[in-house]
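# Commentary on secondary and tertiary structure
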Amino acid sequence: MNVANLQLEGLLMSVASINNLLVHKGVLSIDEIDRALQYAEDSLLDDARLYEDMSPSNRDAVCFPLRVLQLANLAQSETEIPPFSELARMVAELKQPYNEKG
């Protein structure tokens, strides 16, 4: 596996753990984190200047970290976050097709 992929995995799980702690300390709710992550994804995909010539698979790659964090947020328990491999599988299973602009 590419070292950069391993670094990304570690970073994503670190952020997921921080999000989990923020929720359980009462700083943010699961819904607030979910809305923030969805807003970030929507902002990325709405930036046509950057992504209009990008293939759907490349757009999926750009959105993958946000989707992993969303699923980690929604699937968290009081003490656990699902493992990265499970979150990555869930992202693939839940992937929606893109609306191609004509």
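These numbers were taken from a predicted model, which means no experiment stands behind them.

### Notes on the packing of aromatic side chains
Applying the stated criterion to the full structure yields one aromatic pair. Relative to phenylalanine 84, the ring of phenylalanine 64 has its centre 6.1 Å away and its plane inclined at 75°; by these criteria the two rings are edge-to-face. Placement of phenylalanine 64 in helix α4 (residues 56–75) and of phenylalanine 84 in helix α5 (residues 84–94) is noted, with a sequence separation of 20 residues between them. On the basis of relative accessibility, which here comes to 21%, the residue phenylalanine 64 falls in the partly exposed class.

### Comments concerning the environment of alanine 40
The residue alanine 40 is located in helix α2 (residues 30–46) in this model. A residue is classified by how much of its surface remains accessible, and alanine 40, at 27% relative accessible area, is partly exposed. Considered as a pair, alanine 40 and leucine 66 are 26 residues apart in the sequence and their alpha carbons are 7.6 Å apart.

### Focus on helix α1 (residues 3–24)
Relative to the 32 Å expected for 22 residues at 1.5 Å per residue, α1 spans 32 Å between its end C-alpha atoms, a close match to the ideal helical length. Where α1 is concerned, the buried positions are Leu12, Met13, Ala16, Asn19, Asn20 and Val23. Seen along its axis, α1 keeps its buried residues to an arc of 120°; they face one direction. What points out from α1, more than 90 degrees from its buried face, is the exposed set Val3, Gln7 and Leu11. Where the residues of α1 are buried, they touch α2, α4 and α5. Count one or two residues on from α1 and you reach glycine 26, which has phi positive near 80°.

### Regarding the environment of histidine 24
Position of histidine 24 among the secondary structure elements: in helix α1. When its relative accessible area of 37% is taken as the criterion, histidine 24 is described as partly exposed. The spacing of histidine 24 and asparagine 58 is 34 residues in sequence and 34 Å in space, taken between C-alpha atoms. Beyond its immediate chain neighbours, meaning those up to four positions away, histidine 24 contacts Gln76, Ser77 and Glu78.

### A closer look at the packing of α2 against α4
α4 packs onto α2 with a crossing angle of 175° between their chain directions and a minimal axis gap of 9 Å. By the angle between their axes, α2 is roughly antiparallel relative to α4. Judged by residue contacts, Ile30, Ile33, Asp34, Leu37, Gln38, Ala40, Glu41, Leu44 and Leu45 of α2 engage Arg59, Val62, Cys63, Leu66, Arg67, Leu69, Gln70, Asn73 and Leu74 from α4. Its residues assigned to classes, the contact of α2 with α4 comprises 11 nonpolar, three polar and four charged.

Cut-offs used in this document
Residues numbered from 1 in each chain as written. Predicted model: local features only at pLDDT ≥ 70, side-chain atom pairs only at ≥ 80, totals over all residues. Heavy atoms only, no water. Phe/Tyr/Trp six-rings, centres within 6.5 Å; stacked < 30°, edge-to-face > 60°. Helix = DSSP H or I, 4+ residues; strand = E, 2+ residues; numbered from the N terminus. Buried < 20%, exposed > 50% of the residue type's maximum accessible area, 1.4 Å probe, protein only. Expected span 1.5 Å × (residues − 1). Arc of directions from axis to C-beta. Contact = heavy atoms within 4.5 Å. Axes fitted to C-alpha atoms, helices over the stretch in contact; angles between N-to-C directions. Parallel < 35°, antiparallel > 145°, perpendicular 65-115°, else oblique. Nonpolar A, V, L, I, M, F, W, Y, C, P; charged D, E, K, R; others polar.

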